[in-house]
Amino acid sequence: ILISDLQEAVENQTGLRSYRNRRSLSEYNYEVYHSLEEIQDWMYHLNKTHSDLVHMFSVGKSYEGRPLFVLKLGKRSRPYKKAVWIDCGIHAREWIGPAFCQWFVKEALQTYQTDPAMRKMLTQLYFYIMPVFNVDGYHFSWTNDRFWRKTRSKNTRFRCHGVDANRNWKVKWCDEGASFHPCDDTYCGPFPESEPEVKAVAHFLRKHRKQIKAYLSFHAYAQMLLYPYSYKYATIPNFSCVESAAYNAVNALQSAYGIRYRYGPASSTLYVSSGSSMDWAYKNGIPYAFAFELRDTGHFGFLLPEMLIKPTCTETMLAVKNITLHLLKKCH
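In this text the structure is predicted, and so the values were computed from the model without any measurement.

Peer 1: Let's hear about the UniProt feature "active site" (unreviewed entry) in the chain: which residues, and what values?
Peer 2: In the UniProt entry, the feature "active site" (unreviewed entry) is given for Glu 293. Along the chain, Glu 293 turns up in strand S8 (residues 288–294). Given the relative accessible area of 10%, Glu 293 is considered buried. A distance of 3.4 Å separates a polar atom in the side chain of Glu 293 from the backbone nitrogen of Tyr 221.

Below, the structure is given as structure tokens:
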């Protein structure tokens, strides 16, 4: 038994809101989990207060009609710049994901003046950051079911809601590691891109495929850094580039607190799964496609305590900066 009272652990994460007196946005607390409303207010606030580096826009609407917000981060230094796409929260219950996306933006804005590496990144690249991919599911994980994973689309024949947004992409869709049954957690959906969230992001990435050189997706939990393929045991053409980027990234990550991440192709390092966003990004010409599985390895699982947000995000930040600077160096 790892957690003796699961209900209490769940309530500890969502029940503290009342006396945590929602601090003003100027003192936004990055070491707690935030509801969807709070995250969206935070995005609006940054868009207003950091208009030199931040531009907020929407790529579409969710099934329940919520806007799908993305922050474009970077110095408008020249018309054409390469870009990095980062998304978090494709699975609703993996709260550490959205926490990291917010942390990344905070670090970028706070250290832009003082850290030469960050300045270089924001000058030479754009970052498209989607703090909450699965907005409906994330909202539902706050209000109804802390362990909800999927989207919230309705299925007419079955009384089950939702599709696994990481099995809904048009790459070996609904093959091994995905389910045709609407009630399963890995349900692939009625057809590829059936989910408006997936369709909207896929459309955006297709439109900017020439510009976007890296795709990073943040999940939990397992402490792994994964790259393609997920759907088959095979070596990607630019394996040596991607593999060395991963190797350097996990070493950078480990340097903070000694947390060792496993890394490798998703199929053999984690499990085979089809229709994933990472495989799709890679297949669509984005040469560096990674999925992070953040802390931990199962003690707290999806209920990673808030006190671990800071160390998790701090070490992950090192890995992401490493991958990004690797991109700028150009792999031979």
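Peer 1: I'd like to hear about the sheet that holds strand S2 (residues 67–73), residue by residue, with values.
Peer 2: Strand order in the open sheet made by the eight strands is S1-S2-S4-S3-S5-S8-S6-S7, with mixed pairing throughout. Two strands bound the open sheet, and with one partner strand each, they are strand S1 (54–61) and strand S7 (262–265). The sheet shows a mean angle of 20 degrees between the axes of neighbouring strands, direction not considered. The pairing of S1 with S2 spans six bridges and is antiparallel. If you follow Val 54 over to S2, its bridge partner there is Leu 73. Here helix H2 (residues 36–49) sits on the sheet in contact with S1 and S2, set at roughly 40 degrees to S2. Strands in contact with helix H7 (residues 239–257) are strand S6 (224–227), S7 and S8; relative to S6, the strand with the most contacts, it is inclined by about 170 degrees.

Peer 1: Give me the packing of aromatic side chains: which residues, what numbers.
Peer 2: For the structure shown, the criterion picks out 26 aromatic pairs. Ring centres of Tyr 44 and Phe 69 lie 5.6 Å apart, and the angle between their planes is 70 degrees; on these two criteria the pair is classed as edge-to-face. Separated by 25 residues along the polypeptide, Tyr 44 in helix H2 and Phe 69 in strand S2 bring together distant segments of the chain. The class for Tyr 44 is partly exposed, based on a relative accessible area of 46%. Where Phe 133 meets Trp 169, the ring centres are 6.2 Å apart and the plane angle is 50 degrees; that geometry is what we call tilted. One end of the pair, Phe 133, is in the loop between strand S4 (125–130) and helix H5 (135–143); the other, Trp 169, is in the loop between H5 and helix H6 (196–207), and 36 residues separate them in sequence. Here Trp 169 falls in the buried class, since its relative accessible area comes to 0%. It is Lys 81 that lies over the ring of Tyr 126; its NZ or CZ is 4.3 Å from the centre. Looking at Lys 106, its charged tip hangs above the ring of Trp 103, at a distance of 3.8 Å from the centre.

Peer 1: Got a sec to walk through the pairing of strand S3 (residues 82–88)? Specific residues and values, please.
Peer 2: Burial of S3 is extensive: six of the seven residues sit out of reach of the surface. The pairing of S3 with S4 spans six bridges and is parallel. Looking at S4, one finds that Asp 87 is bridged to Met 130.

Peer 1: Quick one: what's the story with H5, residue by residue and with numbers?
Peer 2: Among the nine residues in H5, seven count as buried, and that is most of the element. Here H5 has its buried residues at Val 135, Asp 136, Gly 137, Tyr 138, Phe 140, Ser 141 and Trp 142.

Peer 1: Describe the pattern of salt bridges, naming the residues involved and giving the relevant values.
Peer 2: Under the definition given, this model contains nine salt bridges. The salt bridge partner of Asp 115 is Lys 321, with a shortest N-O separation of 2.5 Å. Separated by 206 residues along the polypeptide, Asp 115 in the loop between helix H3 (96–111) and helix H4 (116–124) and Lys 321 in helix H10 (residues 309–329) bring together distant segments of the chain. Neither residue differs from the other here; Asp 115 and Lys 321 are each classed as buried. Among the ionic pairs, Glu 315 bridges to Arg 295, the shortest N-O distance being 2.7 Å. Taken together, the residues Glu 315 in helix H10 and Arg 295 in the loop between S8 and H10 connect sequence positions 20 residues apart. Bridged by salt links that share partners, the residues Glu 64, Arg 66 and Asp 136 form one connected network.

Peer 1: An account of unusual backbone geometry is needed here, citing residue identities and associated values.
Peer 2: Between Pro 228 and the following residue, Tyr 229, the backbone shows a cis peptide bond with an omega angle of 5 degrees. Inspection of the secondary structure puts Tyr 229 in the loop between S6 and H7. Cis geometry is adopted by the peptide bond preceding Asp 296, which originates at Arg 295 and carries an omega value of 0 degrees. The phi angle at Glu 193 is positive, at roughly 60 degrees, despite the residue not being glycine.

What counts and how
- Residues numbered from 1 in each chain as written.
- Predicted model: local features only at pLDDT ≥ 70, side-chain atom pairs only at ≥ 80, totals over all residues.
- Heavy atoms only, no water.
- UniProt positions renumbered as here; feature names shortened; annotations may be inferred.
- Helix = DSSP H or I, 4+ residues; strand = E, 2+ residues; numbered from the N terminus.
- Buried < 20%, exposed > 50% of the residue type's maximum accessible area, 1.4 Å probe, protein only.
- Polar contact = N/O pair within 3.5 Å; in protein donor to acceptor, adjacent residues only side chain to side chain.
- Pairing = 2+ DSSP bridges.
- Axes fitted to C-alpha atoms, helices over the stretch in contact; angles between N-to-C directions.
- Contact = heavy atoms within 4.5 Å.
- Phe/Tyr/Trp six-rings, centres within 6.5 Å; stacked < 30°, edge-to-face > 60°.
- Lys NZ or Arg CZ within 6 Å of the ring centre and 35° of its normal.
- Salt bridge = Lys/Arg side-chain N within 4 Å of Asp/Glu carboxyl O.

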